[in-house]
Structures are given as C-alpha cells and as structure tokens.
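Structural overview for review
One-letter residues, chain by chain:
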Amino acid sequence: MNKHPYTFQNYKDGINILYQQIINAGFKYDYIVGLSRGGLIPGVALSHKLDIPFIPVKWSTTEKKGNLEVFDLADNPRVNLLVVDDILDSGVTMKTFLDYHGKMDVAVLIYNVEQEVVPNYFVKSIHRSSFPNWIDFWWETI
C-alpha cells in the first residue's frame, strides 16, 4: 500500500484552518471530545487554541463503549460538544459513536466524501475510490 505523508506542517496548517472555520461559524462549544487514537492530537490542539476543555474518549466500535462523562454530557441539551478525529475514512467509527451518543458536531483533518457522515468542519476532502493511499500522519511515524 502506498503511503501519503501528512507532515507536521500539514497538521499545523490544518489545525489553523479548523480553528478559523469554527470561529467563523460563531458557534460556542463547551467541550472538545477527541476519539482515540487519531483524534487525541488534533483534539488537544483545538482545545488549546479555542480555550475549551478537552475530553479524551477511547471508543470501541464493536463494543460501543466510551467515557461515562461523555454519555452524561451528551444527554444534557444545554451542552454543545465538538467531536474531533484525524480522518473520517469509512465513517464506521464516527457513525457508531454519533448513533450511540446523539447529535454532536464533527471536525476532522481529512474527510472521505464516499461515506455517509458529513463533518461540520474539515481541512481536506478525498475520494477513496481515486485516492486509496494510506494517509501517514506525522505522529504515526515517530
């Protein structure tokens, strides 16, 4: 499988793009939820830039398990959550997470348009049918 590098500079630029999109949307989030493993690094960065508390979530698609704190927050209609991941690829992880937890906005660095979850914020869109390369994020190569 061919690898497509996603460098530290791509990451820094991507975080700044997501930050600007969120600011421009004018929507206030109470918490950023980062899905492990890929959403932890961009989630923490956005948390710092936006000065919003961060909640890391270990989510298992097959077991449908996550942090109890997120379950409680998702049930509160006055709390706005932004879930972050590195890539929205097949959409399976994000779809099961959203189906289980309910409505949350979504921010990703890379968005594969050939699946059913549509993020609110994204940096780059791809079509997996014409871009089958593995995206090699800089934090995966350390």
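Our structure is the block above this text.
Here's what I pulled together on the structure shown here. What you see is a predicted model; the values in this text were computed from it and never measured.

Criteria and cut-off values
Residues numbered from 1 in each chain as written. Predicted model: local features only at pLDDT ≥ 70, side-chain atom pairs only at ≥ 80, totals over all residues. Heavy atoms only, no water. Salt bridge = Lys/Arg side-chain N within 4 Å of Asp/Glu carboxyl O. Helix = DSSP H or I, 4+ residues; strand = E, 2+ residues; numbered from the N terminus. Buried < 20%, exposed > 50% of the residue type's maximum accessible area, 1.4 Å probe, protein only. Phe/Tyr/Trp six-rings, centres within 6.5 Å; stacked < 30°, edge-to-face > 60°. Lys NZ or Arg CZ within 6 Å of the ring centre and 35° of its normal. Core = buried A, V, L, I, M, F, W, Y, C linked by side-chain atoms within 4.5 Å. Contact = heavy atoms within 4.5 Å.

**A look at the pattern of salt bridges**
- Following the criterion strictly, the structure yields 2 salt bridges and no others.
- Between Asp99 and Lys95 there is a salt bridge, and its shortest N-O distance comes to 2.7 Å. Of this pair, Asp99 and Lys95 both sit in helix α4 (residues 92-101), 4 residues apart, which is roughly one turn of that helix.
- The exposure class of Asp99 is exposed, given its relative accessible area of 55%.
- Here Glu116 ties to Lys95 by a salt bridge, and the two come within 4.0 Å at their closest N and O atoms. Residue Glu116 is located in the loop between β5 (105-112) and β6 (121-126), and its partner Lys95 is located in helix α4; the two are separated by 21 residues in the primary sequence.
- Bridged by salt links that share partners, the residues Lys95, Asp99 and Glu116 form one connected network.

**Considering α4**
- Listing the buried residues of α4 in full gives Met94, Thr96, Phe97, Leu98 and His101.
- Count one or two residues on from α4 and you reach Gly102, which has phi positive near 100°.

**Some remarks on the packing of aromatic side chains**
- Applying the stated criterion to the full structure yields 10 aromatic pairs.
- Consider the rings of Phe8 and Tyr11, whose centres lie 5.8 Å apart with planes at 35°: the pair is tilted. Placement of the pair is Phe8 and Tyr11 together in helix α1 (residues 8-25), with a separation of 3 residues, close to one helical turn.
- Given the relative accessible area of 8%, Tyr11 is considered buried.
- Members of the aromatic cluster, each reached through a chain of ring pairs, are Tyr6, Phe8, Tyr11, Phe137, Trp138 and Trp139.
- The ring of Tyr19 carries Lys49 above its face, with NZ or CZ at 4.8 Å from the centroid.

**Description of the nonpolar core**
- Leu46, Leu82, Leu109, Ile110 and Phe137 are the most contacted members of the largest nonpolar core, which has 22 residues in total.
- Where this core is concerned, the elements lending two or more residues are α1, α2 (40-50), β4 (81-88), β5, β6 and β7 (134-137).
- With 4 residues, the top contributor of residues to this core is α1.

**A look at the environment of Phe122**
- With respect to the element layout, Phe122 can be found in strand β6.
- A relative accessible area of 29% means that Phe122 is categorised as partly exposed.
- Distance in space between the C-alpha atoms of Phe122 and Val108 is 4.9 Å, their sequence separation being 14 residues.
- In this structure, Phe122 is in contact with Leu18, Gln21, Val108, Leu109 and Tyr111, ignoring residues within four places of it in sequence.

These figures come from the coordinates and say nothing about function on their own.
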